[in-house]
Amino acid sequence: MTDRAVEDLLRTVAPQVLGLLVRRHGQFDRCEDAVQEALLAAATQWPEQGVPDNPRAWLLTVATRRLTDEWRSERARREREVAVAIREPAYAAVAPPADAEPPAEDDTLTLLFLCCHPALARSAQVALTLRAVGGLTTAQIARAHLVPEATMSQRIRRAKQRVEAAGATFAMPSAAERDERLRSVLQVLYLIFNEGYTASSGPDLHRAELTSEAIRLTRILHRLLPDDGEVTGLLALMLLTDAHRAARTGPDGELVPLAEQDRGRWDRAAIEEGIALVTAALTWSPPGPYQVQAAIAAVHAEAPSAERTDWRQILALYRLLARLAPNPMITLNQAVAVAMVDGPRAGLALLAPLDADERTAGHHRLAAVRAHLLELAGEPVAAREAYRAAARATTSRPEQRYLELRAARLAAPPTQTTKEQS
């Protein structure tokens, strides 16, 4: 088995092992550290010695032994060990043999809910999910967020401690809490995807490790909750969006907008899967925000060219989305659809209230959309200034280059037509 195959296997099995340990022993922080040590041992030994017949049992054995060794070496923890021994049967702290079959249940969903505990800030939920469920190392997560590894290590450590301090137990939330917590899980997965699809800062437009991880985790969630329409919708949305990735950048890494992309480079397999998922979900589930966004992405994907896009259908879907989940970013996208159906002036009118919304005032996307609509409306001077404002506001270098180029093109003097040319 190749090193890449071993890595993929470890990332799949790791959250299952962590879930089993936390369910059995509690102490999320220590269990997560033990799993990381087991993963390191596997990454070192398996490529040379071969993958064991039961990888999950092997990791569970090694991680449990790490925990047992740690507990035995800490005299200050003796009283806690006694309490645990009284509360649990004696065999609970003994590592099973390497060939033992671990429990059949998959605790990944419970682990996702734990990582998205409401006591954590959204940034902490994202980091903890990538570490505990995604299996990414602290260094990988730090690189993805463009922060030092020590900073990310502290963030993850504080997140685990906060979960412990909140008294969180390794159990699914009650029925009353589940829907709210599931929304948090979906938001975290979508945040991870979006940060990978259009990096908020840095020299690269994409961070493929984040988009791939978000899709992988959402596939797991969909497997665990196949009858949830919004989980299905989110997976469809990610697949349909990520299908554009190869066409979104030019030879030098420059951003290529949707209307100018070579649609022959789109991932047709991902598009077909995404369309099938959202089409099926809308037949048996009440429409939710992720399903409607996936439906919009499907309309774009089905259009043979930018000129033949069904903008009226997209506008109708955005109006539905605005009723389901009113949000200034949805209004921003809706303005583009309005402009394509009713003209750029109508789209610009929809943008006006967003200047007073603190969530969008000064945001580079508002300035960029306004610039595009002003350009369509035949106002090059105002469009140029809006493009420049958007370029100053973004921290993504590829976006900045694209916006500066648009502004420069509008600043160029018009080509003079000579008598000979006429």
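First, a word on scope: everything that follows refers to the structure included in this document. Here, residues in each chain are numbered from 1, in the same order as that chain's written sequence. Given that the model is predicted, a residue must reach a pLDDT of at least 70 before its local features are reported, and side-chain atom pairs must reach 80 or more before they are shown or counted; all residues, however, enter totals for whole chains, interfaces and linings. As a rule here, side-chain values come from all non-hydrogen atoms in the structure, and water together with hydrogens is ignored.

**Points about the packing of helix H17 (residues 364–376) against helix H18 (residues 380–393)**
Helix axes are fitted to C-alpha atoms over the stretch in contact, other axes to C-alpha atoms as well, and angles between N-to-C directions run from 0 to 180 degrees. Each helix corresponds to a stretch of at least 4 residues labelled H or I by DSSP, and each strand to a stretch of at least 2 residues labelled E; elements are numbered beginning at the N terminus. Between H17 and H18, the shortest axis-to-axis distance is 8 Å and the interhelical angle comes to 160°. When the axis of H17 is compared with that of H18, the two are roughly antiparallel. As for the relative orientation of H17 and H18, their crossing is left-handed in sense. On the side of H17, the interface is formed by His364, Ala367, Ala368, Ala371, His372, Leu374 and Glu375, while H18 contributes Ala382, Ala383, Ala386, Tyr387, Ala389, Ala390 and Ala393. Amino acid classes used here: Ala, Val, Leu, Ile, Met, Phe, Trp, Tyr, Cys and Pro are nonpolar; Asp, Glu, Lys and Arg are charged; the rest, including Gly, are polar. Considered class by class, the residues forming the contact of H17 with H18 number eleven nonpolar, two polar and one charged. Relative orientations are named as follows: roughly parallel for angles under 35 degrees, roughly antiparallel for angles over 145 degrees, roughly perpendicular for angles from 65 to 115 degrees, and oblique for any other angle. A clockwise turn of the near helix away from the far one marks a right-handed crossing, whereas an anticlockwise turn of less than a right angle marks a left-handed crossing. Whether two residues are in contact is decided by their heavy atoms: any pair within 4.5 Å suffices.

**Topic: the pattern of salt bridges**
Side-chain pairs of opposite charge can arise whenever the charged atoms involved come near each other. Salt bridges, as used here, are contacts in which a Lys or Arg side-chain nitrogen is within 4 Å of a carboxyl oxygen on Asp or Glu. A full pass over the atoms with the stated rule returns 20 salt bridges. Among the salt bridges present, the one from Glu195 reaches Arg207, with a minimum N-O distance of 2.7 Å. Note that Glu195 is positioned in helix H9 (residues 175–197) and Arg207 in the loop between strand E1 (201–202) and helix H10 (208–224), a separation of twelve residues in sequence. A relative accessible area of 17% means that Glu195 is categorised as buried. A salt bridge links Asp357 to Arg359; the shortest N-O distance between them is 3.0 Å. Exposure classes here rest on a 1.4 Å probe applied to the protein chains alone. A residue is buried below 20% of its type maximum, exposed above 50%, and partly exposed in between. The exposure class of Asp357 is buried, given its relative accessible area of 18%. Overall, the relative accessible area of 52% leaves Arg359 in the exposed class. By sharing partners, the salt bridges in this structure join Asp29, Glu32, Asp33, Arg131, Arg157 and Lys160 into a single network.

Interpretation in functional terms is not warranted from these geometric data alone.
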